[in-house]
Amino acid sequence: MKDQHSFIWDEIYIDGQWQSSKSAEKIAIINPATEEEIGHFPAGCKEDVDLAVAAAQKTFAGPWSQTSGEERAAYLDAIAEAIEKELDHLAKLEVLDNGKPLDEAKWDIEDCVGCFRYYAGLARALDEKEMQPLALPDERFQSMVRREPVGVAGLIIPWNYPLLMAAWKVAPAIAAGCCMVLKPSEITSMTALELGRIAHEANLPAGVLNIVTGSGNGAGAALTSHPELQKIAFTGSVDTGRRVMRAAAENIVPVSLELGGKSPIIVFDDCDLNSAVEWVLFGIFWNKGEVCSATSRLLVQENIHDAFMIKLVAAVKNITLGDGFDAAVKLGPLVSKGQYEKVTGFINRAREQGLVPLTGGVRPSHKEKGYFLEPTIFDRVPQNSEIWREEIFGPVLAVRTFKGEEDALLQANDSDFGLAAAILTNDEDRLHNMAKNLKAGIIWQNCSQPTFCEAPWGGRGLSGIGRELGPWGLENYLETKQITRFQTNEKWGWYGIG
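Residues numbered from 1 in each chain as written. Predicted model: local features only at pLDDT ≥ 70, side-chain atom pairs only at ≥ 80, totals over all residues. Heavy atoms only, no water.

Turning our eyes to something else, we now look at the pairing of strand β7 (residues 141–149). Pairing between strand β6 (residues 131–134) and β7: four bridges, direction antiparallel. Bridging from a neighbouring strand, Pro-133 pairs with Met-144 of β7. Where β6 hands over to β7, the hairpin turn is made up of six residues, counted between the paired strands. With nine bridges connecting them, β7 and strand β22 (residues 478–486) associate as antiparallel partners. Bridging from a neighbouring strand, Arg-147 pairs with Thr-480 of β22. (Pairing = 2+ DSSP bridges. Helix = DSSP H or I, 4+ residues; strand = E, 2+ residues; numbered from the N terminus.)

Structure follows, in structure tokens:
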């Protein structure tokens, strides 16, 4: 468990107990604002994963899988209440781990509370529709559908919203009646470990939630290839998603993948420019652009391009960058050295191709330490450019113009990704037509990035498989069973017997 005087975890959470990892290796916790090591946690290994899966199996085979939705909802509500009480503490850990501004972190934790409470409601609703009758053409038969938990799930989450991404998976899995092994990102594991403590204090039965920290190549690979899982849910990069899918295929395990994005935001000439600037900024610089759905491709109608870009660049230059604990800060450091090098690599290659940023693209002069990068805008980017087509996952915006609605659709849909898209216009018919024809799983009209537990989340193409949140998120952890009865005294008599 965490040392109360520093950010040190020497144990992982398996079968309702904090225990030492079978590996002696540790992973350092680095504050991205200072580059200082502030603690560590275990680098879990295959043996740890095996123990965690075994614990989950044992609990699922016991009374847990027979609990009512009402019973499971009580645990979800208790976890939500505890998170709410510890909101400030958990938000501070997110700032230290991820670098995001404190206000953003608090918003994330509030969303976690809402997520657990929402799935408590869906868990209760499961009791009401445990057995659903079907209308059949043959009245001699009665057929019912029963919803049951899939079993043991492996959950792997990313580093951009550490606790919230855990909530998106853990809450529906508990609501459905599953047991699980959670593997948080090796970059941001603190709040996931705190979730283990909170669940323990909420008396969640041992073995329902197991938490193994470690690297993707270590604990992550061991989890996704484990033959005793009945479900894998992964959020992360496209390349890692491919590896997860290959591993799951070996054991024929169903997979849900929430992967990357290169989402467009389309600004038409009839919208309010000041409001549009605000949504463009929010769409790419919220959470430092480390957002799978970030609207990182800006399409501006050509007749307003110059006026709009003047407003946009001026607004970007007023964004305060710094440590997330500074109340004035709107843009924190990138999450890690590796991510900083990845994002600056995209910028440097764009420069080599002759593209010059209108603003940003460099470390701020007043920050010698920390993974800070000024918000960056490249204008009139070629359609085949890497920064137009590839996910950067940082505060980098690529801009192009379009002539009309058809041109906007062609450019927006010319992508291997299909997670989200935003449309800014005052024309109702255009909003309807664009929403219908954009190839994305999430369409935002006159806004960018609002996310609600009640609405489905997910995309198409390289953006992944399946949907999270809402009842769709619960479906990820449920199996459907058909129960059909011959309900007449009439003899079947197919073979002339009876």
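Right, picking up where we left off after that structure.
Turning next to the pattern of salt bridges. Within this structure, the stated rule accounts for 27 salt bridges. Between Glu-148 and Arg-146 there is a salt bridge, with the nearest N and O atoms lying 2.6 Å from each other. With a shortest N-O distance of 3.2 Å, Asp-414 and Arg-389 are connected by a salt bridge. One end of the pair, Asp-414, is in the loop between α13 (405–413) and β17 (417–418); the other, Arg-389, is in helix α12 (residues 386–389), with 25 residues separating them in the sequence. Judged by its relative accessible area of 32%, Asp-414 falls in the partly exposed class. Taken together, the shared-partner salt bridges in this structure form one network comprising Glu-86, Glu-194, Arg-197 and Glu-201. (Salt bridge = Lys/Arg side-chain N within 4 Å of Asp/Glu carboxyl O. Buried < 20%, exposed > 50% of the residue type's maximum accessible area, 1.4 Å probe, protein only.)

Time to look at the nonpolar core. Core analysis: the biggest nonpolar cluster contains 136 residues, and Ile-83, Phe-116, Tyr-119, Leu-298, Phe-308 and Leu-312 have the highest contact counts within it. Element by element, the count of residues in this core is highest for helix α4 (residues 102–128), at 13 residues. When neighbours within four sequence positions are excluded, Leu-298 is seen to be in contact with Ile-265, Val-267, Val-280, Phe-308, Met-309, Leu-312, Trp-388, Leu-397, Ala-398, Val-399 and Arg-400. The next biggest cluster of nonpolar side chains, apart from the first, holds 29 residues, and it includes Val-343, Leu-355, Ile-387 and Ala-408. (Core = buried A, V, L, I, M, F, W, Y, C linked by side-chain atoms within 4.5 Å. Contact = heavy atoms within 4.5 Å.)

For the rest of this paragraph, the subject is a nonpolar patch on the surface. Taken together, Phe-486, Trp-492, Trp-494, Tyr-495 and Ile-497 make up a surface patch of nonpolar side chains, about 720 Å² in accessible area. Inspection of the secondary structure puts Trp-492 in the segment after β22. (Patch = residues over 30% accessible without salt bridge, like charges linked within 9 Å, V, L, I, M, F, W, Y side chains within 5 Å. Areas by Shrake-Rupley, 256 points an atom, 1.4 Å probe, with all protein chains shown as cover.)

Turning to the environment of Leu-424, a few remarks are in order. If you trace the backbone, Leu-424 turns up in strand β18 (residues 420–424). Taking the relative accessible area as the measure of exposure, Leu-424 reaches 3% and is therefore buried. It is 30 Å that separates the C-alpha atoms of Leu-424 and Ala-327, two residues lying 97 residues apart in sequence. Residues within four places of Leu-424 in sequence aside, it is in contact with Ile-265, Ile-266, Val-267, Phe-268, Cys-271, Ala-276, Trp-279, Asn-446 and Cys-447.

Bringing the packing of helix α1 (residues 46–61) against helix α7 (residues 216–224) into the picture now. The contact between α1 and α7 brings their axes to 8 Å, and the two run at 40 degrees. Relative to α7, α1 is oriented oblique. Relative to α7, the crossing made by α1 is right-handed. Of the residues in α7, those in contact with Lys-46, Val-49 and Val-53 of α1 are Ala-219, Ala-222 and Leu-223. Split by residue class, the contact of α1 with α7 holds five nonpolar, no polar and one charged. (Axes fitted to C-alpha atoms, helices over the stretch in contact; angles between N-to-C directions. Parallel < 35°, antiparallel > 145°, perpendicular 65-115°, else oblique. Left-handed = near helix turned anticlockwise from the far one by under 90°. Nonpolar A, V, L, I, M, F, W, Y, C, P; charged D, E, K, R; others polar.)

Moving on to the sheet that holds β7. Ordered in space as β6-β7-β22, the three strands form an open sheet in which the pairing is antiparallel. The open sheet has two free edges, formed respectively by β6 and β22, since each of these has just one partner strand. Between one strand axis and the next, the sheet turns through 25 degrees on average, direction left out of account.

This part takes up the packing of aromatic side chains. Each aromatic ring pair is summarised here by two numbers: the centre-to-centre distance and the angle between the ring planes. Counting across every chain of the model gives 14 aromatic pairs. With a centroid separation of 4.8 Å and 35 degrees between ring planes, the pair formed by Phe-282 and Trp-286 is classed as tilted. Under the relative-accessibility criterion, Phe-282 is labelled partly exposed at 22%. The buried category is assigned to Trp-286, whose relative accessible area is 16%. Both rings, one in Tyr-340 and one in Tyr-371, keep their centres 6.5 Å apart while their planes meet at 45 degrees; by these two values the pair is tilted. With Tyr-340 in helix α11 (residues 337–352) and Tyr-371 in the loop between α11 and β15 (376–378), this pair connects stretches of sequence that are 31 residues apart. Here Tyr-340 and Tyr-371 have matching classes, each one buried. One aromatic cluster is present, formed by Trp-107, Trp-279, Phe-282 and Trp-286 through successive ring pairs. Directly above the ring of Phe-372 sits Lys-367, whose terminal nitrogen or CZ lies 4.9 Å from the centroid. A cation sits over an aromatic face here: Arg-400 above Trp-388, 5.8 Å from the ring centre. (Phe/Tyr/Trp six-rings, centres within 6.5 Å; stacked < 30°, edge-to-face > 60°. Lys NZ or Arg CZ within 6 Å of the ring centre and 35° of its normal.)

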